[in-house]
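Fold and geometry: a report
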Amino acid sequence: MSKIKITFPDGKQKEFEQDITGLQIAEGISKGLAKEALAVEVNGEVRDLNRPIDRDASFKILKWADDGGKHAYWHSSAHLMAEAVEALYPGAKFGIGPAIETGFYYDLDLGDHNLTKDDLQKIEDKMNELANRDVPYVREDKKWEDAVEYFTKKGDQYKLELLDEFKGQAISLYHHGNFTDLCRGPHLPSTGRIKAIKLLSVAGAYWRGNEKNKMMQRIYGVTFPSKKELDQYLFQLEEAKRRDHRKLGAELELFLLTPKVGSGLPLWLPKGTIIRESLIGFLRDEQRKRGYQAVVTPHIANLELYKTSGHYPYYKDSQFPPIQLESGEAFLLKPMNCPHHHQIYSFKPRSYRDLPVRLAEFGTVYRYEQSGEMNGLTRVRGFTQDDAHIYCAHDQLKAEVKAVIDLTQLVFKTFGMEVKIRLSYRDDKNVEKYGGEAAFWEQAQREIREVADEMKLDYFIAYGEASFYGPKIDFMVKDALNRTWQLGTVQVDYVMPERFQLEYIGQDGQRHRPVIIHRAPFGSLERFVGILIEHFAGEFPLWLAPTQVAVLPITDVFMEYATEICNGLKTSGVRAELDDRNEKIGYKIRDCETRKVPYMLVVGEKEKTAGLVSVRQHKKGDLGTMKFEDFRDQVLTSIKTRALTV
């Protein structure tokens, strides 16, 4: 048998017999590694451990710590759940069952039977029983016609509809126990690898996300290699409920969503507006230091503008319908700010001496989201982007991208968030989704990777995650619950300068196209605030807190001194409030704790006589007495430095 060359992650190479499996390579390294291995990555593709490798390849063994390993684990768990469902509900039909960010789901058609909590427990028990048999996941490659024949006999119209998209192609099925599914994989070696199982919920889901199709039942679940890890995850779920920004947003009076205004259109209440404006002020200050120019654009524009940009044809389904006028003109609620900024750039001739031009706007945009997809502030129909577009010469591109990355990293560092970088490339197998020439894409993708390498960023590459007009540097941010959010983004764009015929006169006196950098550190202010509420559990750092200090007189006798203290704070720029209610001091303190006010100043006879304040801190209690001036200076320093803790 011929030999193949395997290249390991450290660059070392070794020859093996052709058709060796990933599991055999792992066993050759150590038995312990083979037990931990869940899948392998072969030439960038995540595959089953038992699939033969028939050519030279780069090779990586994937364990639980690897995203690819988790994907195989949870995808296998979805199939295990489907087998349990079929065993308990004969005749069940199956849609899709993917791994998701944490766990998996499967869309099911159970006829007239609506699943209950008791049903979920039965399915979970059955999954444990089936997992304990420890049967292998077996891949079988079939001709398309044979796969159609199989699912026709089974009577599963959903799988047949999926097969229509792959007519004439080789099809793979996976078998385990008494269950067979249409699937690309990858899967674990056997069901026995699945240890701790929990089915979380059931929800309605239209087949293929189309409201015109049948409503199916979607079961969400999660599995882990140990009960300890599952218990930790379930604890985090409970903590997430406690931190839910919709719940805290109402309790802390930050924002309002009402059907009288419309779904997905939040109203910012006074306290929430303080947080929003503080974030805007923070970024405006940083942008001013870096040479950005502020602009303002309208909420609506001629439809032709978005046809030129490509936003209308590419994102037509996620936009509100055009507004038709009697004159024949059509207008569109602004889905993106960038076409407007391109008009500002081109309103006068530009020279190489003008570049880079950095235009920034906190611009509100509108997207049509289906009613079932909206979620508090994190998924809305109207939101404000901290948008900026940098128009630069090609020899300025890398320096500008690096500066934007520095700014974005500063933003997330300010909030104590761990960041990982994703380079989002286009999917070359699906090029019709993207605009522009292949050469522009190759150049832009190469350049953002060079920047990432030069800055020694911790990054990974994701194919198919690019915008339609260019690759992106996406900032994947972890919150206090270890959940990952895609927030800030930096995009390199060679397509829009062509579409809008943007130009500048170079040193050679000739016309040239600028390169555009799109960037938005927060992304959406609404979504970012929703994430911050949950990240801090509503206990914002002092500089963001709507009320920073509450002054609490023990009785009305000390109201004059309390007013003097409160006014002194306000004059210094501190957001202070005076609690002049006729309530006992214990009630006032408890109320401030509930409202998560960072500091309370209690004033009575002792404080008034000595010219002091008695300081209490949220969740920490009594800090003792101090001079008012010392407390004020301490607070002002914390606000000025945007400290995470006080």
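Provided above is the structure to which this section pertains.
Just so it is clear, the model here is predicted, and its values are computed rather than measured. (Residues numbered from 1 in each chain as written. Predicted model: local features only at pLDDT ≥ 70, side-chain atom pairs only at ≥ 80, totals over all residues. Heavy atoms only, no water.)

Structural notes on the overall build of the protein chain
For the protein chain, the count of helices and strands is 20 helices and 34 strands. Relative to its 646 residues, the protein chain shows a buried fraction of 50%. Considering only contacts in the protein chain between residues 6 or more positions apart, those separated by 24 or more positions represent 68%. Carbon and sulfur atoms make up 49% of the accessible area of the protein chain, which totals about 31,000 Å². Each charge class in the protein chain can be summarised by its mean position, and for the 92 positive and 95 negative side chains these summaries are 2 Å apart. (Helix = DSSP H or I, 4+ residues; strand = E, 2+ residues; numbered from the N terminus. Buried < 20%, exposed > 50% of the residue type's maximum accessible area, 1.4 Å probe, protein only. Contact = heavy atoms within 4.5 Å. Areas by Shrake-Rupley, 256 points an atom, 1.4 Å probe, with all protein chains shown as cover. Lys, Arg positive; Asp, Glu negative; His and termini not counted. Charge placed at Lys NZ, Arg CZ, Asp CG, Glu CD.)

Regarding the packing of aromatic side chains
Here the distance between the centres and the angle between the planes together describe a pair of aromatic rings. Using the criterion set out here, one finds 23 aromatic pairs in the structure. Aromatic rings pair up to connect Phe282, Phe412, Phe415, Phe475, Phe522, Phe528 and Trp543 into one cluster. Seen from the ring of Tyr105, Arg218 lies directly overhead, with NZ or CZ sitting 3.9 Å from the centre. (Phe/Tyr/Trp six-rings, centres within 6.5 Å; stacked < 30°, edge-to-face > 60°. Lys NZ or Arg CZ within 6 Å of the ring centre and 35° of its normal.)

Some remarks on the side chain of Arg358
With respect to the helices and strands, Arg358 occurs in strand 21 (residues 357–366). Looking at Arg358, its side chain comes within polar contact range of the main-chain oxygen of Arg290, at 3.3 Å. Reaching out from Arg358, the side chain makes a polar contact with the side chain of Glu400 at a distance of 2.9 Å. (Polar contact = N/O pair within 3.5 Å; in protein donor to acceptor, adjacent residues only side chain to side chain.)

Regarding the sheet that holds strand 4 (residues 39–42)
Pairing within the open sheet is mixed, and its five strands lie in the order 2-1-7-4-5. On the outer flanks of this sheet lie strand 2 (13–17) and strand 5 (45–47), each paired with one strand and no other. Strand-to-strand twist across the sheet, computed as the mean angle between neighbouring axes with direction ignored, equals 35 degrees. Inspection of the sheet shows strand 4 paired to strand 7 (residues 57–62) by four bridges, in the antiparallel sense. Within the sheet, the bridge partner assigned to Val40 lies in strand 7 and is Ile61. In the packing of helix 1 (residues 22–29) onto the sheet, the strands contacted are strand 1 (3–7), strand 2, strand 4 and strand 7, and the crossing angle to strand 7 comes to about 70 degrees. (Pairing = 2+ DSSP bridges. Axes fitted to C-alpha atoms, helices over the stretch in contact; angles between N-to-C directions.)

Here's the deal with the pairing of strand 21
Burial of strand 21 is extensive: 10 of the 10 residues sit out of reach of the surface. The side-chain alternation of strand 21 yields two buried faces, one formed by Val357, Leu359, Glu361, Gly363 and Val365 and the other by Arg358, Ala360, Phe362, Thr364 and Tyr366. Pairing analysis gives two bridges linking strand 17 (residues 293–294) to strand 21, with the strands arranged parallel. Bridged to Ala294 within strand 21 is Ala360.

Thoughts on the pattern of salt bridges
With the rule as written, the count across this model stands at 48 salt bridges. Residue Arg276 is joined to Glu526 by a salt bridge in which the shortest nitrogen-to-oxygen separation is 3.0 Å. You can see Arg276 sitting in helix 9 (residues 270–289) and its partner Glu526 sitting in helix 16 (residues 525–535), a full 250 residues away along the chain. Of the two residues, Arg276 and Glu526, neither departs from the other in class, the shared state being buried. One salt bridge connects Glu304 with Lys307, and the closest N-O pair in it is separated by 3.6 Å. (Salt bridge = Lys/Arg side-chain N within 4 Å of Asp/Glu carboxyl O.)

A look at the environment of Ala610
Looking at the secondary structure, you find Ala610 in helix 19 (residues 605–610). For Ala610 and Thr625, which are 15 residues apart along the polypeptide, the C-alpha to C-alpha distance reads 10.0 Å.

Things to note about the nonpolar core
One finds Leu279, Val401, Phe415, Ile473 and Phe522 to be the most contacted residues of the largest nonpolar core, which totals 55 residues. It is helix 13 (residues 397–414) that contributes the most residues to this core, seven residues altogether. When sequence neighbours within four positions are dropped, the list of residues in contact with Phe415 reads Leu279, Phe282, Phe522, Phe528, Leu532, His535, Phe536, Trp543, Leu544 and Leu644. The next biggest cluster of nonpolar side chains, apart from the first, holds 39 residues, and it includes Ala72, Ala82, Ala99 and Leu230. (Core = buried A, V, L, I, M, F, W, Y, C linked by side-chain atoms within 4.5 Å.)

Re the packing of helix 3 (residues 67–88) against helix 4 (residues 117–133)
Orientation of helix 3 relative to helix 4, taken along the N-to-C sense of each, is 115 degrees, at an axis distance of 9 Å. Taken together, the axis directions place helix 3 and helix 4 in an arrangement best described as roughly perpendicular. Seen from above, helix 3 lies across helix 4 with right-handed handedness. Of the residues in helix 4, those in contact with Ser77, Leu80, Met81, Glu83, Ala84, Val85, Ala87 and Leu88 of helix 3 are Lys122, Ile123, Lys126, Met127, Leu130, Ala131 and Arg133. Residue classes in the contact of helix 3 with helix 4 are distributed as 10 nonpolar, one polar and four charged. (Parallel < 35°, antiparallel > 145°, perpendicular 65-115°, else oblique. Left-handed = near helix turned anticlockwise from the far one by under 90°. Nonpolar A, V, L, I, M, F, W, Y, C, P; charged D, E, K, R; others polar.)

Brief notes about the pairing of strand 1
Of the two faces of strand 1, only one is covered, namely that formed by Ile4 and Ile6; the face formed by Lys3, Lys5 and Thr7 stays uncovered. Examined bridge by bridge, strand 1 and strand 2 share five bridges and lie antiparallel to one another. Its bridge partner lying in strand 2, Thr7 is registered against Gln13. Across two bridges, the pairing between strand 1 and strand 7 is parallel. If you follow Ile6 over to strand 7, its bridge partner there is Ala57.

A look at the state of the cysteines
Summed over all chains, the structure comprises zero disulfides. Between Cys338, a free cysteine, and Cys392, which holds the nearest cysteine sulfur, the sulfur-to-sulfur gap is 15 Å. The structure places no disulfide on Cys592, whose sulfur is separated from the nearest cysteine sulfur, that of Cys566, by 11 Å. The exposure class of Cys592 is buried, given its relative accessible area of 0%. (Disulfide = S-S within 2.5 Å.)

Quick look at helix 13
If you check helix 13, its first and last C-alpha atoms are 26 Å apart, about what 18 residues at 1.5 Å a residue would give, namely 26 Å. Downstream of helix 13 by a residue or two, Gly416 has a phi angle that is positive, lying close to 65 degrees. (Expected span 1.5 Å × (residues − 1).)

Regarding a nonpolar patch on the surface
On the surface, Leu256, Val261 and Leu267 cluster together to form a nonpolar patch covering roughly 210 Å² of accessible area. Relative to the assigned elements, Leu256 resides in strand 15 (residues 255–256). For Leu256, a relative accessible area of 37% translates into the label partly exposed. (Patch = residues over 30% accessible without salt bridge, like charges linked within 9 Å, V, L, I, M, F, W, Y side chains within 5 Å.)

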